[in-house]
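# Summary of structural features
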Amino acid sequence: MTHPSQQISPPPVIVVMGVSGVGKTTVAEQVAKRFGYAFADADEFHSASNIAKMRAGTPLTDADRQSWLEAIAARIREWRAKGIGGVVTCSALKRAYRDLIIGGQPGVVLVYLRGDPAMIRRRLNERHHHFMPASLLDSQFATLEEPGPDEHPIVLDAAKSVPELVAEVWRRLRGDAARDGNP
C-alpha cells in the first residue's frame, strides 16, 4: 500500500485556520497523522510577551502578530523547500495574515473551520491549561475575515466530529469529492 504522503505529489502544506477554540489543533493533528505529514501548532511560534498579553485578556495587535506570522510563514517555506507535506494551525483571521503566511506559494491549502460562536465559547469555557481565555473570542470574531473564493479554501463545519472533518480533508485533497458526490 502506498503511504498517504506519497499519494499527492508534491505533498501540500495544509494551513488549518479559524478562531480560537474551533478545534484547529485537534483536527490538524489528526489530518497530519492521516496524511503522514509534519505538524506544527501556531501556539509554538508565539513570543512569551504575546502569550502573557493573551493570558491577561488583552487582544493582540497586528504589530504583536507580525513576528508570529513570519515564523509560521518560515516553517511553511521550509516544508515547501524540502518537498515534505506539513500541517500547521494558525488562526489566520485576516486576509493580510493569510497573504503573509501563504504568500502565494503553490501547494499550500487553506482549511477553514467555521463554527457557531456559542458552540466555540462553550468549548473555550471547557478548555483548561490554555493561555487564550474565552473573553477574547468576541475580539477574534470581530477581526475574522472569512476566506474568499479566490483563496480556494476548504470550508468545514466545526460542529462535525473530528473523524468526519479529517475524512473530508482527505477526500477533498485526494480528489475523491467529485467521485463520491461531495462538493
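Up top is the structure.
Notes on the structure follow. (Residues numbered from 1 in each chain as written. Predicted model: local features only at pLDDT ≥ 70, side-chain atom pairs only at ≥ 80, totals over all residues. Heavy atoms only, no water.)

Taken as a whole, the second largest pocket holds about 220 Å³ of empty space. Around the second largest pocket, the lining is made up of 13 residues, and of these D99, I102, G104, D150 and E151 lie nearest the centre. The set of elements that each furnish at least two residues to the lining of the second largest pocket consists of α4 (95-102) and β4 (108-114). In terms of residues, the lining of the second largest pocket owes the most to one element, α4, which gives four residues. A per-class count over the lining of the second largest pocket returns four nonpolar, four polar and five charged. (1 Å grid on protein atoms, 1.4 Å probe; cavity = no way out; pocket = protein on both sides within 12 Å on 5 of 7 lines; lining within 4 Å. Points joined across faces, edges and corners; volume = space filled by probe spheres on them. Helix = DSSP H or I, 4+ residues; strand = E, 2+ residues; numbered from the N terminus. Nonpolar A, V, L, I, M, F, W, Y, C, P; charged D, E, K, R; others polar.)

Tallied over the full model, the rule gives two aromatic pairs. Plain terms: the ring middles of F35 and Y37 are 5.2 Å apart, the flat faces sit at 45° to each other, and that makes the pair tilted. Grouping residues by exposure puts F35 and Y37 together as buried. Members of the aromatic cluster, connected to one another through ring pairs, are F35, Y37 and W170. Residue placement shows R34 over the ring face of W170; its charged tip is 4.3 Å from the ring centre. (Phe/Tyr/Trp six-rings, centres within 6.5 Å; stacked < 30°, edge-to-face > 60°. Buried < 20%, exposed > 50% of the residue type's maximum accessible area, 1.4 Å probe, protein only. Lys NZ or Arg CZ within 6 Å of the ring centre and 35° of its normal.)

Attention now goes to the pairing of strand β3 (residues 86-89). Both faces of β3 are covered, namely the face carrying G86 and V88 and the face carrying V87 and T89. As defined by bridge partners, strand β1 (residues 13-17) adjoins β3 across four bridges and the pair is classed as parallel. Residue pairing for β3: V13 is matched across the bridge by G86. Sheet analysis places strand β2 (residues 38-40) next to β3, joined by three bridges and oriented parallel. Residue pairing for β3: A40 is matched across the bridge by V88. (Pairing = 2+ DSSP bridges.)

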